[in-house]
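Survey of secondary and tertiary structure
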Amino acid sequence: MGLFKRVKRSDPKWKTSPWNIKYKDHKGEWKYESACTDKGASEELLRKREADSLRRARGLLDPHEERLAAQANRSVDDHLEDFEASLRAKNNSAAHTAETVNSIRAALAGTNTASIRDIDASRIVGFLEGLRTRKKRPIGLRSYNKHLKACKAFAAWLVKERRLPLNPLAHCPVVND
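Residues numbered from 1 in each chain as written. Predicted model: local features only at pLDDT ≥ 70, side-chain atom pairs only at ≥ 80, totals over all residues. Heavy atoms only, no water.

**Regarding the overall build of the protein chain**
Each helix and strand in the protein chain was counted, giving 6 helices and 3 strands. Along the protein chain, from the amino end to the carboxyl end, the secondary structure elements read β-β-β-α-α-α-α-α-α. For 177 residues, the compact-globule estimate of 2.2 N^0.38 gives 16 Å, and the C-alpha radius of gyration of the protein chain, at 23 Å, exceeds that figure by more than 25%. Each principal axis of the C-alpha distribution contributes one length, and for the protein chain these read about 70 × 40 × 30 Å. The contacts in the protein chain between residues at least 6 apart in sequence include a share of 45% that link residues at least 24 apart. When the accessible surface of the protein chain is split by element, carbon and sulfur atoms take 51% of a total near 11300 Å². Across the protein chain, 36 positive and 23 negative side-chain charges occur, with their mean positions spaced 2 Å apart. (Helix = DSSP H or I, 4+ residues; strand = E, 2+ residues; numbered from the N terminus. Rg over C-alpha atoms; globule rule 2.2 N^0.38 Å. Contact = heavy atoms within 4.5 Å. Areas by Shrake-Rupley, 256 points an atom, 1.4 Å probe, with all protein chains shown as cover. Lys, Arg positive; Asp, Glu negative; His and termini not counted. Charge placed at Lys NZ, Arg CZ, Asp CG, Glu CD.)

The structure is reproduced here in structure tokens:
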């Protein structure tokens, strides 16, 4: 367990080079990681890594929860690209795949959703309702349902792939057309 720099103190780059941390993980293996140029922040990161390793070794950290947290930090666009790839892998037509992904992308952009933890049923339904009731070129009930079903399929896929713990759109009903 330690904090060090890979350059010598006499090197002119010493002040701008990052600190490195060395710690044992939960399996007892040495891990090396580049931290940052601030020594205090690097020491804090080292303490966090050591504490996490200890909790993981004692079984106090759930690997499933860690995975969910890591997935939640990825951008929603990354997940949407993975969803698109899964649609293509299921031999869906290119037109269906493009239409589904475009519907989801429009709804996510219209609700300013940056990560999957920001997906909110009321915001999605409100956005679609706004498209349905706008004065200029409103969408019909079938289009509303198509967009909603695409978003619900994406949310269900996120749960199936263990990227979200619960489907935030599961309770959203389609409208009668």
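This is not the end of the story, as more comes after the structure.
**Focus: the nonpolar core**
Membership of the largest hydrophobic core comes to 26 residues, with the highest contact counts inside it found for Phe154 and Leu169. Listed by contribution, the elements that provide at least two residues to this core are helix H3 (76-89), helix H4 (94-110), helix H5 (121-133) and helix H6 (141-160). For this core, the element with the most residues is H6, which contributes 8 residues. With residues near it in sequence (within four places) discarded, Phe154 still touches Val76, His79, Leu80, Phe83, Ile104, Leu108 and Ile119. (Core = buried A, V, L, I, M, F, W, Y, C linked by side-chain atoms within 4.5 Å. Buried < 20%, exposed > 50% of the residue type's maximum accessible area, 1.4 Å probe, protein only.)

**A closer look at the packing of H4 against H6**
Following both chains from N to C, one finds H4 and H6 inclined at 90 degrees, their axes separated by 9 Å at the closest point. Here H4 is positioned roughly perpendicular relative to H6, judged by the angle of their axes. Taken together, the residues of H6 that come into contact with H4 (itself represented by Glu99, Thr100, Ser103, Ile104, Ala107 and Leu108) are Lys146, His147, Ala150, Cys151 and Phe154. For the contact of H4 with H6, the residue count by class is 6 nonpolar, 3 polar and 2 charged. (Axes fitted to C-alpha atoms, helices over the stretch in contact; angles between N-to-C directions. Parallel < 35°, antiparallel > 145°, perpendicular 65-115°, else oblique. Nonpolar A, V, L, I, M, F, W, Y, C, P; charged D, E, K, R; others polar.)

**Let's talk about the environment of Ala109**
Residue placement: Ala109 occurs in helix H4. Along the chain, Ala109 and Arg163 lie 54 residues apart, while their C-alpha atoms are 20 Å from each other.

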